[in-house]
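Residue-level structural notes
As a plain string of letters, each chain reads:
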Amino acid sequence: MSAVTLEQARQAARELTGEILQVPPMVSALKVDGKRLHELARAGIEVERAPRPVTVNRFEIAQGPEPGVLSIEVDCSSGTYVRTLAADLGHLLGGGAHLRNLRRTRVGPFTIAEATPPEACRLAPVVDMLRGIERVVVDEPTEARVRQGAVLPAWDGTGPWAVMSASDDLLAVYERFRSGDAKPSVVVAGASGQ
């Protein structure tokens with residue numbers, strides 16, 4: 001890394017920003033022919049992996065704590081392998097690279113500022129956990145169908161949707177299914193009407 005300047009690293013990171021194709025690592029949990037890649041890797045087997053589309057919204061690089069070490073911050077879509085991003089950065093710079101430390105600071109709408117140690121965790125209301133999901137309020141006839149787990153016409157937006165009763169009770173979480181339809185990924189136990 002000593003021959004690579006900070007500006008060269010930042011330029012390479014720009015090439016890895018936006019919508020990119022990323023080859024999943026052999027140590028991932030993805031399945032190929034019914035076997036997880038990490039299981040194949042442990043057996044010494046490497047298989048061809050198709051690149052997958054991911055989005056890297058932000059890939060910032062700063063000088064790290066010592067020579068040859070960089071500090072990076074990445075804001076990326078679900079399914080992005082940050083360790084692979086580091087390796088790809090090294091490849092673009094004409095060598096190799098790996099992560100020394102990896103710290104996730106946000107997942108969807110949940111930030112590190114809200115994190116607590118295990119001994120201080122509290123059970124939050126389910127609705128609080130759905131704050132990053134689009135909400136839809138349904139009328140009584142539709143509520144009855146939701147309680148039965150019916151496939152319904154999809155609502156506006158991309159989903160998933162937190163389906164709420166008129167009295168603001170969570171009934172189910174629906175996701176896109178077939179063209180123009182939505183199906184429940186989960187129906188809340190209390191939504192059965194009992």
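Residues numbered from 1 in each chain as written. Predicted model: local features only at pLDDT ≥ 70, side-chain atom pairs only at ≥ 80, totals over all residues. Heavy atoms only, no water.

1. Considerations on the layout of surface pockets
Going by this rule: Put plainly, a pocket is an open set of points on a 1 Å grid over the protein atoms alone with protein on both sides within 12 Å along at least five of seven lines, a cavity is a set where a 1.4 Å probe fits but cannot get out, and a lining residue has an atom within 4 Å of a point. Grid points are joined across faces, edges and corners, and a volume is the space filled by probe spheres set on the points. Comment: elements are numbered from the N terminus, with helices defined as DSSP H or I runs of at least four residues and strands as E runs of at least two. When residue character is reported, Ala, Val, Leu, Ile, Met, Phe, Trp, Tyr, Cys and Pro are called nonpolar, Asp, Glu, Lys and Arg charged, and the others, Gly included, polar.
Quantified by volume, the largest pocket comes out at close to 1500 Å³. Around the largest pocket, the lining is made up of 43 residues, and of these Ile-72, Val-74, Val-82, Leu-99 and Leu-102 lie nearest the centre. The element contributing the most residues to the lining of the largest pocket is strand β5 (residues 70-76), with seven residues. A class-by-class count of the residues in the lining of the largest pocket yields 19 nonpolar, 16 polar and eight charged. Taken as a whole, the second largest pocket encloses approximately 320 Å³ of empty space. For the lining of the second largest pocket, the secondary-structure elements that each account for two or more residues are β7 (110-111) and α4 (126-129). The class makeup of the residues in the lining of the second largest pocket is six nonpolar, two polar and four charged.

2. Some remarks on the packing of aromatic side chains
Where two aromatic rings form a pair, the distance of their centres and the angle of their planes describe that pair. The criterion, for reference: Any two of the Phe, Tyr and Trp rings considered here, Trp counted by its six-membered ring, make a pair once their centres fall within 6.5 Å; the pair's planes then place it as stacked at under 30 degrees, edge-to-face at over 60, or tilted in between. Throughout, exposure labels follow a simple rule: accessible area from a 1.4 Å probe, protein chains only, divided by the maximum for the residue type, with under 20% read as buried, over 50% as exposed, and the rest as partly exposed.
Considering all chains together, one arrives at two aromatic pairs under this definition. Centre to centre, the rings of Trp-155 and Tyr-174 are 5.5 Å apart; their planes meet at 90 degrees, and the pair counts as edge-to-face. Separated by 19 residues along the polypeptide, Trp-155 in the loop between β9 (152-153) and β10 (161-164) and Tyr-174 in strand β11 (residues 170-177) bring together distant segments of the chain. Both residues of the pair, Trp-155 and Tyr-174, belong to the buried class.

3. Observations regarding the sheet that holds β5
Put simply, the rule reads: When DSSP finds two or more bridges between a pair of strands, those strands are recorded as paired. The axes used here are C-alpha line fits, helices contributing only the stretch in contact, and every angle between their N-to-C directions lies in the interval 0 to 180 degrees. Throughout, a contact is declared for two residues whenever any of their heavy atoms are within 4.5 Å.
Overall, antiparallel pairing links the three strands, which are arranged β1-β4-β5 in an open sheet. Each edge of the open sheet carries a strand with a single partner, namely β1 (18-22) and β5. Taking the axes of each pair of neighbouring strands and ignoring which way they run, one obtains an average angle of 50 degrees across the sheet. The strands touched by helix α1 (residues 6-15) within the sheet are β1, β4 (52-63) and β5, with β4 carrying the most contacts at an inclination of about 165 degrees.

4. Some points on the confidence of the model for the protein
As a reminder, the rule being used: pLDDT: the predictor's confidence for each residue, scored from 0 to 100.
Chain-level pLDDT for the protein is 90 on average; 96% of the residues reach the 70-or-more range. The spread of mean pLDDT over the elements of the protein runs between α4, the lowest at 81, and β1, the highest at 97.

5. Points about the side chain of Arg-49
Applied cut-off: Pairs of N or O atoms are called polar contacts if they sit within 3.5 Å, as long as, within protein, a hydrogen donor faces a hydrogen acceptor (for residues adjacent in sequence, only side-chain-to-side-chain pairs).
Assignment of secondary structure puts Arg-49 in the loop between α2 (37-42) and β4. On the basis of relative accessibility, which here comes to 18%, the residue Arg-49 falls in the buried class. Of the polar contacts made by the side chain of Arg-49, one reaches the side chain of Glu-46; its length is 3.4 Å. A distance of 3.0 Å separates the side chain of Arg-49 from the backbone oxygen of Val-47, its partner in a polar contact.

6. Some details on the environment of Pro-53
Summarising the element assignment, Pro-53 is placed in strand β4. Each C-alpha atom of the pair Pro-53 and Gly-157 lies 21 Å from the other, and the pair is 104 residues apart in sequence.

7. Let's talk about the pattern of salt bridges
What counts, and what does not: By definition, a salt bridge exists where a carboxyl oxygen of Asp or Glu is found within 4 Å of a side-chain nitrogen of Lys or Arg.
If you walk through the whole model with that rule in mind, you get nine salt bridges. Salt bridges sharing partners connect three or more residues here, namely Arg-58, Glu-60 and Glu-73.

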